[in-house]
Amino acid sequence: MLDVDPLKMPSAVLKAYLVEKFRDAIVTRKLEPGVRLNETSLASRYNVSRVAVREALMQLQLQGLVTNSPRRGMFVSSLSDTDTQKINSLRIPLEGEALRLCRSHATKQMLKHLENLVIQMEKFEPRSEFESAELDLQFHRAMWGYCGNSFLAKSLNSFVPIVFAHRALDGMSDERLRWTLRHHRLLLEVIEGKSKQSPEEAILVHLRIGYNEPERFSTFSGKPVKKKQHSEDSTTGKKRKS
(Lines give C-alpha, C1' and ligand atoms only; values in the text may rest on other atoms or scores of the structure.)
Protein backbone atom coordinates (compact mmCIF):
# COMPACT_ATOMS: atom_id res chain seq x y z
CA MET A 1 0.00 0.00 0.00
CA LEU A 2 1.44 3.37 -1.06
CA ASP A 3 1.63 5.97 1.71
CA VAL A 4 0.93 8.78 -0.77
CA ASP A 5 -1.06 9.15 -3.96
CA PRO A 6 1.42 9.62 -6.82
CA LEU A 7 -1.34 10.88 -9.11
CA LYS A 8 -1.62 14.01 -6.96
CA MET A 9 2.10 14.78 -7.00
CA PRO A 10 3.75 17.49 -9.12
CA SER A 11 6.07 15.92 -11.72
CA ALA A 12 9.28 16.93 -9.94
CA VAL A 13 8.06 15.54 -6.62
CA LEU A 14 6.89 12.34 -8.31
CA LYS A 15 10.29 11.86 -9.93
CA ALA A 16 12.07 12.26 -6.58
CA TYR A 17 9.56 9.88 -4.97
CA LEU A 18 10.12 7.17 -7.59
CA VAL A 19 13.91 7.60 -7.49
CA GLU A 20 13.82 7.03 -3.73
CA LYS A 21 11.54 4.00 -4.05
CA PHE A 22 13.58 2.38 -6.81
CA ARG A 23 16.88 3.13 -5.04
CA ASP A 24 15.60 1.64 -1.79
CA ALA A 25 14.55 -1.48 -3.69
CA ILE A 26 18.04 -1.78 -5.20
CA VAL A 27 19.81 -1.18 -1.89
CA THR A 28 17.68 -3.80 -0.09
CA ARG A 29 18.14 -6.21 -3.01
CA LYS A 30 14.41 -6.38 -3.73
CA LEU A 31 15.65 -5.49 -7.20
CA GLU A 32 18.75 -7.61 -7.57
CA PRO A 33 21.84 -6.77 -9.68
CA GLY A 34 21.33 -7.69 -13.32
CA VAL A 35 17.51 -7.64 -13.17
CA ARG A 36 15.77 -6.01 -16.13
CA LEU A 37 13.62 -3.03 -15.16
CA ASN A 38 10.37 -3.25 -17.10
CA GLU A 39 8.82 0.21 -17.40
CA THR A 40 5.29 -1.11 -17.90
CA SER A 41 5.42 -3.36 -14.83
CA LEU A 42 6.90 -0.62 -12.64
CA ALA A 43 4.35 1.92 -13.88
CA SER A 44 1.50 -0.47 -13.03
CA ARG A 45 2.96 -1.31 -9.61
CA TYR A 46 3.32 2.33 -8.57
CA ASN A 47 0.24 3.59 -10.44
CA VAL A 48 2.20 6.10 -12.50
CA SER A 49 2.94 6.67 -16.18
CA ARG A 50 5.77 4.99 -18.06
CA VAL A 51 7.20 8.46 -18.70
CA ALA A 52 7.51 9.04 -14.94
CA VAL A 53 9.21 5.65 -14.52
CA ARG A 54 11.59 6.35 -17.39
CA GLU A 55 12.61 9.74 -15.95
CA ALA A 56 13.29 8.18 -12.56
CA LEU A 57 15.35 5.38 -14.10
CA MET A 58 17.37 7.91 -16.10
CA GLN A 59 18.20 9.69 -12.84
CA LEU A 60 19.33 6.39 -11.32
CA GLN A 61 21.44 5.81 -14.42
CA LEU A 62 23.26 9.09 -13.72
CA GLN A 63 23.93 7.79 -10.20
CA GLY A 64 25.32 4.51 -11.57
CA LEU A 65 22.62 2.28 -10.08
CA VAL A 66 20.97 1.52 -13.40
CA THR A 67 22.55 0.61 -16.72
CA ASN A 68 20.95 1.28 -20.10
CA SER A 69 21.69 -1.48 -22.59
CA PRO A 70 20.87 -0.42 -26.19
CA ARG A 71 17.91 -2.31 -27.68
CA ARG A 72 17.55 -4.32 -24.45
CA GLY A 73 16.41 -1.78 -21.87
CA MET A 74 17.31 -0.74 -18.34
CA PHE A 75 18.95 -3.11 -15.85
CA VAL A 76 20.03 -2.89 -12.23
CA SER A 77 23.78 -2.35 -12.42
CA SER A 78 25.97 -5.33 -11.67
CA LEU A 79 29.67 -5.04 -10.92
CA SER A 80 32.23 -7.60 -9.75
CA ASP A 81 35.45 -6.79 -7.91
CA THR A 82 37.37 -7.50 -11.11
CA ASP A 83 35.09 -5.15 -13.07
CA THR A 84 35.77 -2.45 -10.49
CA GLN A 85 39.52 -2.94 -10.85
CA LYS A 86 39.28 -2.74 -14.65
CA ILE A 87 37.25 0.48 -14.50
CA ASN A 88 39.60 2.07 -11.97
CA SER A 89 42.62 1.01 -14.03
CA LEU A 90 41.14 2.94 -16.93
CA ARG A 91 40.38 5.93 -14.72
CA ILE A 92 44.10 6.42 -14.01
CA PRO A 93 45.10 7.57 -17.53
CA LEU A 94 41.74 9.17 -18.40
CA GLU A 95 41.22 11.14 -15.18
CA GLY A 96 44.92 11.89 -15.18
CA GLU A 97 44.48 13.51 -18.58
CA ALA A 98 41.40 15.38 -17.30
CA LEU A 99 43.48 16.73 -14.39
CA ARG A 100 46.25 17.79 -16.77
CA LEU A 101 43.79 19.55 -19.08
CA CYS A 102 42.10 21.30 -16.14
CA ARG A 103 45.51 22.56 -15.04
CA SER A 104 46.26 23.97 -18.47
CA HIS A 105 42.77 25.52 -18.82
CA ALA A 106 42.44 26.72 -15.22
CA THR A 107 40.43 29.88 -14.63
CA LYS A 108 39.58 31.74 -11.43
CA GLN A 109 35.96 30.66 -11.77
CA MET A 110 36.91 26.99 -12.21
CA LEU A 111 39.32 26.98 -9.27
CA LYS A 112 36.78 28.74 -7.05
CA HIS A 113 34.10 26.18 -7.92
CA LEU A 114 36.40 23.23 -7.27
CA GLU A 115 37.70 24.83 -4.07
CA ASN A 116 34.11 25.27 -2.84
CA LEU A 117 33.38 21.59 -3.55
CA VAL A 118 36.52 20.53 -1.68
CA ILE A 119 35.58 22.69 1.31
CA GLN A 120 32.09 21.21 1.23
CA MET A 121 33.57 17.70 1.31
CA GLU A 122 35.99 18.56 4.09
CA LYS A 123 33.14 19.83 6.26
CA PHE A 124 30.64 17.15 5.23
CA GLU A 125 29.23 14.88 7.90
CA PRO A 126 27.87 11.87 5.97
CA ARG A 127 24.35 10.78 6.81
CA SER A 128 24.39 7.98 4.25
CA GLU A 129 26.79 6.28 1.87
CA PHE A 130 24.78 7.61 -1.08
CA GLU A 131 25.06 11.24 -0.01
CA SER A 132 28.83 10.83 0.24
CA ALA A 133 29.03 9.08 -3.13
CA GLU A 134 26.95 11.79 -4.81
CA LEU A 135 29.15 14.57 -3.43
CA ASP A 136 32.29 12.65 -4.43
CA LEU A 137 30.94 12.13 -7.94
CA GLN A 138 29.94 15.80 -8.15
CA PHE A 139 33.58 16.85 -7.76
CA HIS A 140 34.81 14.36 -10.37
CA ARG A 141 32.09 15.35 -12.85
CA ALA A 142 33.01 19.01 -12.38
CA MET A 143 36.64 18.14 -13.09
CA TRP A 144 35.69 16.19 -16.20
CA GLY A 145 33.48 19.03 -17.41
CA TYR A 146 36.25 21.60 -16.98
CA CYS A 147 38.82 19.58 -18.94
CA GLY A 148 37.63 21.10 -22.22
CA ASN A 149 37.35 17.75 -24.04
CA SER A 150 33.68 16.81 -24.29
CA PHE A 151 34.49 13.32 -25.59
CA LEU A 152 36.75 12.60 -22.62
CA ALA A 153 34.07 13.86 -20.22
CA LYS A 154 31.40 11.78 -21.97
CA SER A 155 33.57 8.67 -21.84
CA LEU A 156 34.20 9.02 -18.10
CA ASN A 157 30.51 9.70 -17.47
CA SER A 158 29.58 6.54 -19.34
CA PHE A 159 31.34 4.03 -17.07
CA VAL A 160 32.63 5.64 -13.86
CA PRO A 161 29.38 6.46 -11.94
CA ILE A 162 28.59 2.76 -11.48
CA VAL A 163 31.76 2.43 -9.35
CA PHE A 164 30.60 5.20 -7.00
CA ALA A 165 27.16 3.62 -6.71
CA HIS A 166 28.51 0.17 -5.88
CA ARG A 167 30.90 1.56 -3.29
CA ALA A 168 27.87 3.12 -1.60
CA LEU A 169 25.99 -0.18 -1.80
CA ASP A 170 28.90 -2.05 -0.22
CA GLY A 171 28.88 0.35 2.74
CA MET A 172 31.73 2.19 4.46
CA SER A 173 32.26 3.42 8.01
CA ASP A 174 31.58 7.11 8.68
CA GLU A 175 35.26 7.72 9.39
CA ARG A 176 36.26 6.05 6.13
CA LEU A 177 33.70 8.12 4.24
CA ARG A 178 35.08 11.33 5.76
CA TRP A 179 38.68 10.38 4.93
CA THR A 180 37.77 9.55 1.33
CA LEU A 181 35.95 12.85 0.84
CA ARG A 182 38.67 14.94 2.48
CA HIS A 183 41.38 13.52 0.24
CA HIS A 184 40.18 15.51 -2.79
CA ARG A 185 42.28 18.56 -1.92
CA LEU A 186 45.32 16.68 -3.25
CA LEU A 187 43.62 16.48 -6.65
CA LEU A 188 42.83 20.18 -6.52
CA GLU A 189 46.49 20.91 -5.75
CA VAL A 190 47.46 19.14 -8.99
CA ILE A 191 45.10 21.41 -10.94
CA GLU A 192 46.48 24.46 -9.12
CA GLY A 193 50.05 23.42 -9.99
CA LYS A 194 51.00 23.04 -6.30
CA SER A 195 51.72 19.28 -6.38
CA LYS A 196 54.91 17.50 -7.40
CA GLN A 197 52.92 14.37 -8.26
CA SER A 198 52.00 13.68 -11.84
CA PRO A 199 48.23 13.74 -12.51
CA GLU A 200 48.26 9.95 -12.96
CA GLU A 201 50.11 9.43 -9.68
CA ALA A 202 47.65 11.69 -7.86
CA ILE A 203 44.66 9.77 -9.26
CA LEU A 204 46.23 6.43 -8.32
CA VAL A 205 46.98 7.53 -4.75
CA HIS A 206 43.42 8.85 -4.55
CA LEU A 207 41.92 5.58 -5.79
CA ARG A 208 44.02 3.46 -3.43
CA ILE A 209 42.25 5.07 -0.47
CA GLY A 210 38.93 3.45 -1.35
CA TYR A 211 39.82 0.46 -3.49
CA ASN A 212 42.06 -2.59 -3.48
CA GLU A 213 44.62 -2.63 -6.32
CA PRO A 214 42.84 -0.07 -8.53
CA GLU A 215 45.82 -0.18 -10.92
CA ARG A 216 45.78 -3.96 -11.39
CA PHE A 217 44.78 -3.85 -15.07
CA SER A 218 47.00 -0.90 -16.03
CA THR A 219 50.67 -0.29 -16.72
CA PHE A 220 50.91 1.22 -13.22
CA SER A 221 50.49 -2.22 -11.68
CA GLY A 222 53.42 -3.06 -9.41
CA LYS A 223 55.10 0.32 -9.87
CA PRO A 224 55.96 2.54 -6.88
CA VAL A 225 54.13 5.86 -6.78
CA LYS A 226 55.73 9.08 -5.59
CA LYS A 227 53.80 10.51 -2.66
CA LYS A 228 53.75 13.94 -1.08
CA GLN A 229 56.34 14.55 1.61
CA HIS A 230 53.65 15.32 4.16
CA SER A 231 49.89 14.98 4.14
CA GLU A 232 47.27 15.79 6.68
CA ASP A 233 45.58 12.96 8.51
CA SER A 234 41.92 13.92 8.41
CA THR A 235 41.12 11.86 11.47
CA THR A 236 43.58 13.74 13.74
CA GLY A 237 44.27 16.98 11.90
CA LYS A 238 48.01 16.35 12.35
CA LYS A 239 50.72 16.14 9.73
CA ARG A 240 52.08 12.71 8.99
CA LYS A 241 54.90 11.51 6.76
CA SER A 242 53.88 9.56 3.69
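Since the structure is predicted, the reported quantities are computational estimates derived from the model, not experimental observations. (Residues numbered from 1 in each chain as written. Predicted model: local features only at pLDDT ≥ 70, side-chain atom pairs only at ≥ 80, totals over all residues. Heavy atoms only, no water.)

Novice: Can you walk me through the sheet that holds strand 1 (residues 36-37) in this structure?
Specialist: The strands making up a sheet associate through hydrogen bonds between their backbones, and the pairing can be parallel or antiparallel. On the basis of which strands lie adjacent, the open sheet formed by 3 strands has the order 1-3-2 and antiparallel pairing. Strands with a single pairing partner mark the edges of an open sheet, and in this sheet they are strand 1 and strand 2 (66-69). Across 4 bridges, the pairing between strand 2 and strand 3 (residues 73-76) is antiparallel. Bridged to Thr67 within strand 3 is Phe75. (Pairing = 2+ DSSP bridges. Helix = DSSP H or I, 4+ residues; strand = E, 2+ residues; numbered from the N terminus.)

Novice: Would you mind going over the packing of helix 4 (residues 81-104) against helix 11 (residues 199-210) with me for this structure?
Specialist: Geometry of a packed helix pair, given as the angle between the helix axes and the separation of the axes. Look at helix 4 against helix 11: their axes get within 8 Å of each other, and the N-to-C directions meet at 130 degrees. Regarding the angle of helix 4 to helix 11, the classification is oblique. Crossing of helix 4 over helix 11 shows right-handed handedness. Between helix 4, through Asn88, Arg91, Ile92, Pro93, Glu95, Gly96, Glu97, Leu99, Arg100 and Arg103, and helix 11, the contact on the second element is made entirely by Pro199, Glu200, Ile203, Leu204 and Leu207. For the contact of helix 4 with helix 11, a count of residues per class yields 7 nonpolar, 2 polar and 6 charged. (Axes fitted to C-alpha atoms, helices over the stretch in contact; angles between N-to-C directions. Parallel < 35°, antiparallel > 145°, perpendicular 65-115°, else oblique. Left-handed = near helix turned anticlockwise from the far one by under 90°. Contact = heavy atoms within 4.5 Å. Nonpolar A, V, L, I, M, F, W, Y, C, P; charged D, E, K, R; others polar.)

Novice: Would you mind showing me how to read the nonpolar core here?
Specialist: It is characteristic of soluble globular proteins that their nonpolar side chains tend to be buried jointly. Membership of the largest hydrophobic core comes to 40 residues, with the highest contact counts inside it found for Leu99, Leu114, Phe139, Trp144 and Ile191. Broken down by secondary-structure element, the contributors of at least two residues to this core are helix 4, helix 5 (108-123), helix 6 (129-146), helix 7 (150-159), helix 8 (161-170), helix 10 (185-191) and helix 11. Once residues within four sequence positions are removed from consideration, Leu114 is found in contact with Phe139, Ala142, Met143, Tyr146, Leu188 and Ile191. (Core = buried A, V, L, I, M, F, W, Y, C linked by side-chain atoms within 4.5 Å. Buried < 20%, exposed > 50% of the residue type's maximum accessible area, 1.4 Å probe, protein only.)

Novice: What is the right way to read unusual backbone geometry from this model?
Specialist: Trans is the prevailing form of peptide bonds, just as negative phi is the prevailing case for residues other than glycine. The phi dihedral of Asn47 is positive, around 55 degrees, even though this residue is not glycine. Secondary-structure assignment places Asn47 in the loop between helix 2 (39-46) and helix 3 (50-62). Residue classification places Asn47 among the partly exposed positions, given a relative accessible area of 42%. For Arg71, which is not a glycine, the phi torsion comes out positive at approximately 65 degrees. On the secondary structure map, Arg71 appears in the loop between strand 2 and strand 3.

Novice: How should I be thinking about the packing of helix 6 against helix 8 in this particular structure?
Specialist: Interhelical geometry of helix 6 versus helix 8 gives an angle of 160 degrees and a closest axis separation of 9 Å. Here helix 8 runs roughly antiparallel to helix 6, going by the angle between their axes. For the pair helix 6 and helix 8, the sense of crossing is right-handed. Taking contact as the criterion, the partners of Glu129, Phe130, Ala133, Asp136, Leu137, His140 and Arg141 in helix 6 are, on helix 8, Pro161, Phe164, Ala165, Arg167, Ala168 and Leu169. By residue class, the composition of the contact of helix 6 with helix 8 is 8 nonpolar, 1 polar and 4 charged.

By themselves, these observations are geometric and do not establish any function.
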